[in-house]
Amino acid sequence: MQHPQVMKKVQEELAQVVGMDSYAVVKETFRLHPAVPLLLPRRASESSNIGGYNIPKDTTIMLNVRAIHRDPKLWDNPLEFRPERFLDDGIASKFDYSSNNFQYLPFGSGRRMCAGIALAERMLMFVLASLLHSFEWELPTGTKLNLSEKFGIVIKKKEPLVAIPTPRLSNSGLYH
Ligand code: HEM
């Protein structure tokens, strides 16, 4: 704050490199692999009819977000990992984590939506960017990435990830 010109320069550099709305890779990963695929169970406080389905009072409702995120009526080539879909003109702001758009709900929706979005979003971006900036990543020779999932309230990989990092920064002191 004593050097506003320096601060401005850093901000400009960040805006240029990181951009102001470039969360596409994380968003696309959440689309294909939402961590909490059925959200947390809800109970209907009164009887209602939603989309032609009668929901009697006290019914337990699980919302299949994983299926919504892979619905071909909602997404082009839904099984394809294509982060650019979140960068298309006008699309980026349509899909934030605020759950105003029921097509994309990685953190749930409504009054019981995730309470930790702000922390989760920042930590994920920071950790992912640090790992990618500091290392090249590859799979052990001859192996393929198995993306099969183990079902649960929080979904996990069926097989643990094994990846080989190789430092890519020239100053090895930065890894200590
Ligand atoms: C990648 C990280 C995370 C994901 C994908 C995630 C996702 C979710 C989802 C889908 C729900 C259920 C929302 C619903 O049913 O509508 C939830 C609930 C919740 N999350 Fe997260 N979460 C993450 C990280 C965090 C963190 C870091 C915190 C706290 C620091 C947190 C705190 C909570 C709490 C307290 C609830 C329950 C809210 C309630 O029932 O009122 N979450 N989360």
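Residues numbered from 1 in each chain as written. Predicted model: local features only at pLDDT ≥ 70, side-chain atom pairs only at ≥ 80, totals over all residues. Heavy atoms only, no water.

## A look at the coordination of the iron atom of the ligand
In this structure the iron atom of the ligand is ligated by exactly one protein donor, C114 (SG), at 2.3 Å. With respect to the secondary-structure elements, C114 resides in the loop between α3 (65-69) and α4 (117-134). (Donors = N, O, S within 2.8 Å, 3.2 Å for Na, K, Ca; no water. Helix = DSSP H or I, 4+ residues; strand = E, 2+ residues; numbered from the N terminus.)

## Some remarks on the site of the ligand
What surrounds the ligand is a group of 18 residues, the closest being L40, R42, S109, R112 and C114. Here an oxygen atom of the ligand sits 2.5 Å away from a polar atom, N or O, in the side chain of R42. One of the side-chain N or O atoms of R112 is found 2.8 Å from an oxygen atom in the ligand. By residue number, the principal contributor to the shell around the ligand is α4, which donates three residues. Split by residue class, the shell around the ligand holds 13 nonpolar, three polar and two charged. (Near = heavy atom within 4 Å. Polar contact = N/O pair within 3.5 Å; in protein donor to acceptor, adjacent residues only side chain to side chain. Nonpolar A, V, L, I, M, F, W, Y, C, P; charged D, E, K, R; others polar.)

## Section: the UniProt feature "binding site: heme" (unreviewed entry) in the chain
The UniProt entry lists C114 under the feature "binding site: heme" (unreviewed entry), expressed in the numbering used here. Judged by its relative accessible area of 34%, C114 falls in the partly exposed class. (UniProt positions renumbered as here; feature names shortened; annotations may be inferred. Buried < 20%, exposed > 50% of the residue type's maximum accessible area, 1.4 Å probe, protein only.)

## With respect to the nonpolar core
In terms of nonpolar packing, the biggest core is built from ten residues, these being A24, V26, F30, W75, F86, F95, Y97, Y104, F107 and I117. For this core, the element with the most residues is helix α2 (residues 24-32), which contributes three residues. Sequence-distant contacts of F95, defined by excluding residues within four places in its chain, comprise K27, W75, F86, N101, Q103 and Y104. (Core = buried A, V, L, I, M, F, W, Y, C linked by side-chain atoms within 4.5 Å. Contact = heavy atoms within 4.5 Å.)

## Structural notes on the side chain of R85
As for its position among the elements, R85 is in the loop between α3 and α4. Under the relative-accessibility criterion, R85 is labelled buried at 6%. From its side chain, R85 meets the backbone oxygen of N77 in a polar contact 3.2 Å long.

## A look at the pattern of salt bridges
One pass over the full model with this rule turns up five salt bridges. Where R85 meets E28, a salt bridge forms, and the shortest distance between an N and an O atom there is 3.0 Å. One end of the pair, R85, is in the loop between α3 and α4; the other, E28, is in helix α2, with 57 residues separating them in the sequence. Taking the shortest distance from any N to any O, the salt bridge between D58 and R43 comes out at 2.8 Å. Taken together, the positions of D58 in the loop between β3 (53-55) and β4 (60-61) and R43 in strand β1 (residues 42-43) put the pair 15 residues apart, joining distant regions of the chain. A residue is classified by how much of its surface remains accessible, and D58, at 40% relative accessible area, is partly exposed. Counted as one network, the salt bridges with shared partners bring together E28, R31 and R85. (Salt bridge = Lys/Arg side-chain N within 4 Å of Asp/Glu carboxyl O.)

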